[in-house]
Amino acid sequence: MRKTAVILLLFASLAGRAQTVAEAVAKINAANAVETTVTFDVRTVRNTSMLSEPLVSTGKVSFSAPSSLRYEGLSPRRSLFVLSGDRVLTESGGLRRSVDLKEKSRYQALVRNIAKSSSGGLVSEKDFDIRVLSGKELILMMRPLGRDMSRMFAEITVRADAATGLIRELILRDTEGDTTTISLSGVSFGRELSADLFNTR
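Predicted, not measured: the structure shown is a model, and the values here were computed from it. (Residues numbered from 1 in each chain as written. Predicted model: local features only at pLDDT ≥ 70, side-chain atom pairs only at ≥ 80, totals over all residues. Heavy atoms only, no water.)

**Quick look at the environment of serine 134**
Summarising the element assignment, serine 134 is placed in strand E7 (residues 128-134). We classify serine 134 as exposed; its relative accessible area is 63%. Taking C-alpha positions, serine 134 is 9.4 Å from threonine 20, a pair spaced 114 residues apart along the chain. (Helix = DSSP H or I, 4+ residues; strand = E, 2+ residues; numbered from the N terminus. Buried < 20%, exposed > 50% of the residue type's maximum accessible area, 1.4 Å probe, protein only.)

**Focus: the pattern of salt bridges**
Across all of its chains, the model carries 13 salt bridges by this definition. A salt bridge links aspartate 174 to arginine 46; the shortest N-O distance between them is 3.5 Å. Placement of aspartate 174 in strand E10 (residues 167-174) and of arginine 46 in strand E1 (residues 37-47) is noted, with a sequence separation of 128 residues between them. On the accessibility criterion, aspartate 174 (12% relative accessible area) is buried. A salt bridge links arginine 159 to glutamate 137; the nearest nitrogen and oxygen atoms lie 2.5 Å apart. Of this pair, arginine 159 sits in strand E9 (residues 153-161) while glutamate 137 sits in strand E8 (residues 137-144), and the two are 22 residues apart along the sequence. Residues joined by salt bridges that share partners form a network here, namely Glu137, Arg159, Asp161, Arg168 and Glu169. (Salt bridge = Lys/Arg side-chain N within 4 Å of Asp/Glu carboxyl O.)

**Overview of the layout of surface pockets**
Reported here for the second largest pocket is a volume of approximately 180 Å³. Lining the second largest pocket are 13 residues, with Thr39, Lys60, Val61, Ser62 and Arg191 sitting closest to its centre. Looking at the lining of the second largest pocket, the elements with two or more residues in it are E1, strand E2 (55-64), strand E3 (68-75) and strand E11 (179-189). When grouped by side-chain class, the residues that make up the lining of the second largest pocket number four nonpolar, four polar and five charged. (1 Å grid on protein atoms, 1.4 Å probe; cavity = no way out; pocket = protein on both sides within 12 Å on 5 of 7 lines; lining within 4 Å. Points joined across faces, edges and corners; volume = space filled by probe spheres on them. Nonpolar A, V, L, I, M, F, W, Y, C, P; charged D, E, K, R; others polar.)

**Here's the deal with the sheet that holds E3**
Spatially, E6-E5-E4-E3-E2-E1-E11-E10-E9-E8-E7 is the arrangement adopted by the 11 strands of the open sheet, whose pairing is antiparallel. Every interior strand has two partners, whereas the edge strands, strand E6 (95-100) and E7, have only one. Within the sheet, the average angular offset between the axes of one strand and its neighbour, ignoring direction, is 15°. Looking at chain direction, E2 and E3 are connected through seven bridges and run antiparallel. Pairing of threonine 58 across the sheet is with serine 75, part of E3. (Pairing = 2+ DSSP bridges. Axes fitted to C-alpha atoms, helices over the stretch in contact; angles between N-to-C directions.)

So yeah, pure geometry; function would need other evidence.
Structure follows, in structure tokens:
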């Protein structure tokens, strides 16, 4: 009888887990979907076994739906990345370059992923094996299922506000064990953004 009860409890917990994952994914996707625009500050900390100190950088992100993206690096050095329409602009160390998306296949994939994410498809159970931890924060621990993603990342952790579902932090652990932590702050939706921000010429 005791063994049967344990088995029943196990199945009940698994069923509850599946429902929790679906609800958590839906909440985070809905909260972080972008109807018009979003801006936020970002702080990135890269920990690698090759360096004794972490690499820290800061910047600002501006996004206009469906797929116009601007990242302005502020420290440790200024840089710029703009993706809009069929072109990409990069600027770093005084060098400025504008290229056609057709020349950069990796940017084409980025455009597709950005458009998917902004329309409410940021997280998908088809793309990740997901575990959920909930409390003061809503945490998704995601193992990539696709070949390309699993070659780059062993696990991606999403930390979001438990009440709103807004993402606060992403932790990317690559296949070598190195981690990149991306913290978001000052998130603002629906602000009017100048088209000049996304000029790629």
